[in-house]
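Listed here are the chains, written in short residue letters.
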Amino acid sequence: MAALKALAAQLLAWVLVAAGCVVLGRPLVPSLPLAVVQGVLAACIGVLLRSERWWIAIHLLFSPALLAALRLDLPPVFALAVLAGLTFVFWTTFRGEVPLFLSSRAAADALLDLLPQQAGLQVVDLGAGTGGLLRRLAQARPDARFTGIEHAPLPYLAARLNARGLANLAIRRSDLWRRPLGGQDVVYAFLSPRVMPRLWEKARAEMRPGTLLVSSSFPVPDIAPEQVIEVPDRRGTRLFCYRM
Ligand SMILES: C[S@@+](CC[C@H](N)C(=O)[O-])C[C@H]1O[C@@H](n2cnc3c(N)ncnc32)[C@H](O)[C@@H]1O
């Protein structure tokens, strides 16, 4: 859906640019000014279509960057390599769900403070990214067991590297929606606003009473959290805590 919206915004913006050229009697020759105008129009259409913020930035830059790349006369294999790299990092983000961005160190410390002092505590990070957050937690709490679930190949490999030498940290390559949460005492997620209703349904169906769901940055719509932790980082991260 998000990819279709993006395609529609790009195409419509080019149609508008072409129509503008016809009306003004200007030749429709690819140039940087035209690409910039197209980018601005595509971004505006993206806003009207209520696309996520990162799509607006992509719309703004897409045509100017394409034009610049064409002028550099790069070999086709370069484009293929960039596409492959982005695919392995962002995986299914094009479907409009969850991109890769990482929790700050301060957020990891705030999460650490939230973990109950209970030996054998089970903690999972749904969408573990490169595993930096879990590494920090696993080092600080050798008595607890941490699991990271990540489906994008490159972040998964980075997380595996980050987990080296830590017997209480396991990284699994799988789809977080297929992982049962029944055995977890604390579930951490830093995903996107779009998936929060689905995550809440999953947590309610699978997590045991008394266990804790912590969502970084994105609250569950219409559900009051037990507490909200204000993290002193540059992003102004907030941790929304829901007791099952
Ligand atoms: C915003 S990042 C958070 C990374 C890490 N948890 C942190 O806080 O630093 C979200 C991660 O979730 C991963 N992800 C998104 N959808 C997923 C899915 N269905 N299954 C597993 N991982 C997923 C993305 O690839 C990305 O690495």
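Keep in mind the model is a prediction, meaning the values are calculated, not measured. (Residues numbered from 1 in each chain as written. Predicted model: local features only at pLDDT ≥ 70, side-chain atom pairs only at ≥ 80, totals over all residues.)

Visitor: Requested: an account of the overall build of the protein chain, with residues and values cited.
Guide: Along the backbone of the protein chain there are 8 helices and 7 strands. Judged by the C-alpha coordinates and their principal axes, the protein chain covers about 75 × 40 × 35 Å. Residues counted as buried form 32% of the 244 residues belonging to the protein chain. (Helix = DSSP H or I, 4+ residues; strand = E, 2+ residues; numbered from the N terminus. Buried ≥ 20, exposed ≤ 12 C-beta atoms within 10 Å, placed from the backbone.)

Visitor: How would you explain unusual backbone geometry if you had to name every residue and give the values?
Guide: Backbone geometry places R50, a non-glycine residue, at a positive phi of 60 degrees. Residue position: R50 is located in the loop between helix 2 (32-48) and helix 3 (53-72). Backbone geometry places S217, a non-glycine residue, at a positive phi of 75 degrees. By the secondary structure assignment, S217 is in the loop between strand 5 (212-216) and strand 6 (227-230). S217 sits in the partly exposed class, given 19 other C-beta atoms within 10 Å.

Visitor: Summarise helix 1 (residues 2-24); cite the residues concerned and give the values.
Guide: Its 23 residues place the ends of helix 1 33 Å apart at the C-alpha level, agreeing with the 33 Å of an ideal helix rising 1.5 Å per residue. Residues of helix 1 that are buried make contact with helix 2 and helix 3. (Expected span 1.5 Å × (residues − 1). Contact = placed C-beta atoms within 7 Å.)

Visitor: Give me the sheet that holds strand 5: which residues, what numbers.
Guide: Read across the open sheet, the 7 strands follow the order 3-2-1-4-5-7-6; overall the sheet is mixed. Edge positions in the open sheet fall to strand 3 (169-173) and strand 6, since each of these has one partner strand only. With strand direction ignored, the average angle separating the axes of adjacent strands in the sheet is 20 degrees. Here 5 bridges tie strand 2 (residues 145-150) to strand 3, and the two strands are oriented parallel to one another. Bridge pairing in strand 3 places I149 opposite R172. Lying over the sheet, helix 5 (residues 105-114) contacts strand 4 (186-189), strand 5, strand 6 and strand 7 (238-243), oriented at roughly 25 degrees with respect to strand 7. (Pairing = 2+ DSSP bridges. Axes fitted to C-alpha atoms, helices over the stretch in contact; angles between N-to-C directions.)

Visitor: So what about the pairing of strand 2? Which residues, and what values?
Guide: Taken across its 6 residues, strand 2 has 5 buried, putting it largely inside the fold. Across 5 bridges, the pairing between strand 1 (residues 122-126) and strand 2 is parallel. Counted as the bridge partner of L126 is I149 from strand 2. Handedness of the strand 1-helix 6 (residues 132-140)-strand 2 crossover: right-handed. After leaving strand 2, the chain enters helix 7 (residues 153-162) and then returns to the sheet as strand 3, a path that is right-handed. (Right-handed = clockwise from strand over helix to strand, strands pointing away.)

Visitor: Help me get a handle on the domain arrangement of the protein chain, residues and values and all.
Guide: Partitioning the protein chain into structural domains gives domain 1 (2-73) and domain 2 (105-243). The C-alpha-based centres of domain 1 and domain 2 are spaced at 38 Å. (Domains from an automatic or database assignment.)

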